[in-house]
Amino acid sequence: MGSKLLKKLFCSLLEGFALWRNAKSHASVMRSLRARLIFSGACGIVIFSGITYRLADVMVINKFRVQENRAFKPEEIVQKADIVDRNGELLATSLTTASCYADPSVIIDIEETAKKLSQIRGLPNAEKIKAKLGDRNKHFVWITRHITPEIQEQIMDLGLPGIRFQRDYKRIYIHGSLFSHVVGYTDIDGIGICGLEKQFSDELKAKKALNKKLITTLDLRLQSIVYEELSKAIKKYNALGGNAILMSVDGDVLSMVSLPDFDPNDLRHVKIETMFNRNTLGVHEQGSIFKILNTAIALDSGVSQLGSVYDASEPIKVGRFRIKDFKGKNRPLNLAEAFVYSSNIASAKMALRYGLKVQREYMQRFGIFGKPELELPECGRPIIPAYWNETTCMTVSYGYGIAVTPLQTLATVTSIINDGYKVQPTLLYSKARANTSTEQIVSKTTSEILRELMRAVVCFGTGKKAAVAGVSIIGKTGTAYKSRGKGYGSDGNRQRITTFVGGFPKGKPQYMLLVSLDDPKPTSETHGYATAGWNIAPTAHNIFERIVPMLNKDTQKDESPLKVVKYLRLDS
Amino acid sequence: MSAGMKEAGLELNKGVVFSLLFLVVVGFCVSKVKYEVVFLKNKLRTITAQIEKYKDDLKVYNAEWGHLNDPKRLARLAAKYLPDLQPTENRQMITLDMLLSDDVVKIRPDIRKETGENIQSDKRVNEHTTERKRNLNRAFGSFLDGALRENT
């Protein structure tokens, strides 16, 4: 029947065509043909108009209504790149987890859903879940983050509508608290809160997209050694805390430890004071360490030489205060002796001789007045005296009246002993490759003499306990009282910060260390003393002893400070 | 209907049948390709998901490896299983030049301190070093001779 109809249709079309060809004058045939064509065309137009209208209705007219009905798709969480040390050891990485969320708008029975979910171990209680699911207008509320595959399976087995999972990433810090202050940590959403995580939050996301890692200048082995020795020292001397930085003269920060610290993997019970990075935020008076800067200024400005003499027989009276020496020699001292015996009186007179204008100029050149630059958001500004007068000039010469961070101190001292070329500390391995400064803050001669003087401190002075056989360690100790509001406290009630800054080898130093203890107590072993030579110098010795075999290629060169020895009266 | 029209109708029928057949064949090929593509797409999705899973697993293994290499853990294990081994000290490090030099005793004053030997033993150490140097030179010389003989 259908085929007959089809055949009939075709035949009539052909007939009409033949008739048209053969009998064009037959008007009636033409008319009927025209009518049929018009009718077919009209039908086609009507059908396609209907389709076009429906398309327009769906795509344009009722667009927003259609979008509202679509299932909600949460924002994708971006994974961050790994952070590694200079040897490729993993410090921080992101592991894939699942996080459970709910779409309250499609949940049928909120109470039953909350009750069933609360029965699974690790999830919040029913009341909390019910409170989260209460708002029906919401399409996304977190139930719990970073769940194990077991818990995920248990939730899926419940078969609750509106309960879904999202691919999530948990940031893991492989070595716990070892790098806590430097690497920092992220919040639950992977947003950097402090340290490198915060500083390079965007770069870490970009690097992940390129399958790259953030390579730091840190060394896991050295960090571990410094951490261990500093912890032992804090325990031994019953100190409140401590900090240490180990840096190469290129500016690579190999190790940075600040204690007490925290575990970035578990921030539930963290005390806020443990998050304080003493190396970059601990602005305090550095004490006798500043004699390195003072002596460098005196020599470089040409005002003093190694043999220049300063009378340290009596204390200097300044108003109601007196500048005096700790276990002073009570005699005139030359520049070399003033440095090795750490005389405050001689240092003050040295500063008065070259003058406060020269002192300010050199401090500006050293970078003491500016904020130190490091790839960490937590870097403290120095506290500069508002009025720089003669008294300030004297006190600054032996490290009081001006407060800087340990990072800034180490950077300045390293620059001075590095033939005077400025050193910029850095935590990024790639940047370190191009860290060759041409800015010279003191001359090579001054730098060489300072190295000799610092070697003399370790051979004959307050840094004797830092010496390591077979290596020419250079160094300087400093004991500074902690400022407590007005003044430093009464005698017997003062707190100290003891510091050692030094490096090796003397001829061409490669590595520099700064280590500090906060309020170390005297012990029987220290014969009742709590100064730097008794506690921080032995700590530096312990650190050097362990790291020298790893770092020192130029072994067994125990060089004496021959250029300086002749200026020292070692029998007194 | 005229004879010409009948012929035209027959030709038309053949054309229609041929067109219909062609349509069927083409339709079959297109649908086959379509289903093949759908199958391959699903396979690709599965493999991509597997690769992502392996990558995630690798990350976990790397993290575990890093954790196992924690210096504190290694120190604990070393203390437990290698109690006789101690960290290398600087005095134990020496370069090759120093081994062959006569100044080895000067560089290592702690040898004298440790062994408590007198100056006579220093001379013996020096003589031993010189003798050793001579032996080394002799050994190297004979090796060189042997090598030259082999080559000629």
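All of the points below concern the structure found in this document. The structure displayed is predicted, hence computed values, not measured ones.

Of the voids in this model, the second largest pocket is the one considered here, and its volume is about 890 Å³. Every residue lining the second largest pocket is counted, 28 residues in all, and those nearest its centre are I225(A), R546(A), P71(B), A75(B) and P87(B). Of all the secondary-structure elements, those providing two or more residues to the lining of the second largest pocket are α10 (220-236) and α20 (532-551) of chain A together with α2 (71-81) of chain B. Element by element, the count of residues in the lining of the second largest pocket is highest for α10(A), at seven residues. Across the lining of the second largest pocket, the residue classes tally to 13 nonpolar, six polar and nine charged. Counting only domains with at least three residues in the lining of the second largest pocket, you end up with domain 1 (83-215) and domain 2 (226-565) of chain A.

Below, the discussion takes up the packing of helix α12 (residues 290-300) of chain A against helix α15 (residues 356-366) of chain A. All names here are of chain A. The contact between α12 and α15 brings their axes to 10 Å, and the two run at 115°. Taken as a pair, α12 and α15 cross one another with a handedness that is right-handed. Mapping the contact onto sequence places F290, L293, N294, I297 and D300 in α12 and V358, Q359, Y362, M363, R365 and F366 in α15. Looking at the contact of α12 with α15 residue by residue, the classes come out as seven nonpolar, two polar and two charged.

For any pair of aromatic rings, the description rests on two quantities: the centre-to-centre distance and the angle between the ring planes. Residue and element names in this part refer to chain A. Taken as a whole, this structure holds 12 aromatic pairs over all chains when the rule is applied. Summarising the aromatic geometry, the rings of Y529 and W534 are spaced 5.8 Å apart at their centres and angled 10° between planes, so their arrangement reads as stacked. Judged by relative accessible area, W534 falls into the partly exposed class, the value being 25%. Each residue in the set F500, F504, Y511 and F544 is aromatic and connected to the rest through ring pairs, giving one cluster. We note K476 situated over the ring of F339; from NZ or CZ to the ring centre the distance is 5.8 Å. Taking the ring centre of Y481 as reference, the NZ or CZ of R494 above it sits at 5.0 Å.

With that settled, the discussion passes to the pairing of strand β17 (residues 496-504) of chain A. Residue and element names in this part refer to chain A. Of all nine residues in β17, eight are buried; the element is thus mostly enclosed. In terms of strand pairing, strand β16 (residues 474-481) meets β17 through eight bridges, oriented antiparallel. What sits directly across from T479, in β17, is T498. With eight bridges connecting them, β17 and strand β18 (residues 511-518) associate as antiparallel partners. The partner of G503 across the bridge, within β18, is M512. Linkage of β17 to β18, two consecutive antiparallel strands, is achieved through a turn of six residues.

Rules used in this analysis
As a convention, each chain's residues are numbered from 1 in the sequence order in which they are written. The naming scheme follows written order: chains are lettered A onward, ligands numbered 1 onward. Predicted model: local features are reported for residues with pLDDT of at least 70 only, side-chain atom pairs are reported and counted for 80 or more only, and whole-chain, interface and lining totals are derived from all residues. Only hydrogens and water are set aside; all other atoms, that is, all heavy atoms of the structure, feed into the side-chain values. Here a cavity denotes a set of grid points, spaced 1 Å apart and computed over the protein atoms alone, in which a 1.4 Å probe fits but from which it cannot get out, and a pocket denotes an open set meeting protein on both sides within 12 Å along at least five of seven lines; residues with an atom within 4 Å of a point are reported as lining. Grid points are joined across faces, edges and corners, and a volume is the space filled by probe spheres set on the points. Strands here are runs of E lasting at least two residues and helices are runs of H or I lasting at least four, both read from the DSSP assignment and numbered beginning at the N terminus. Gly is placed with the polar residues, together with every amino acid not listed as nonpolar (Ala, Val, Leu, Ile, Met, Phe, Trp, Tyr, Cys and Pro) or charged (Asp, Glu, Lys and Arg). Residue ranges for the domains originate in an automatic or database domain assignment. Axis angles are defined between N-to-C directions and span 0 to 180 degrees, where every axis is a line fitted to C-alpha atoms and, for a helix, only to the segment in contact. Left-handed is the label given to a crossing in which the near helix is rotated counterclockwise from the far helix by less than a right angle, and right-handed is the label when the rotation is clockwise. Contacts are assigned to residue pairs with any non-hydrogen atoms lying within 4.5 Å of each other. Between rings of Phe, Tyr and Trp, where Trp is taken as its six-membered ring, a pair exists when centres lie within 6.5 Å; planes separated by under 30 degrees are stacked, by over 60 edge-to-face, and by other angles tilted. We call a residue buried when its accessible area falls under 20% of the maximum for its residue type, exposed when it is over 50%, and partly exposed in between, using a 1.4 Å probe and counting protein chains only. Here, over-ring charges are defined by two tests on the NZ atom of lysine or the CZ atom of arginine: distance to the ring centre within 6 Å, and angle to the ring normal within 35 degrees. The criterion for strand pairing is that DSSP finds at least two bridges linking the strands in question.

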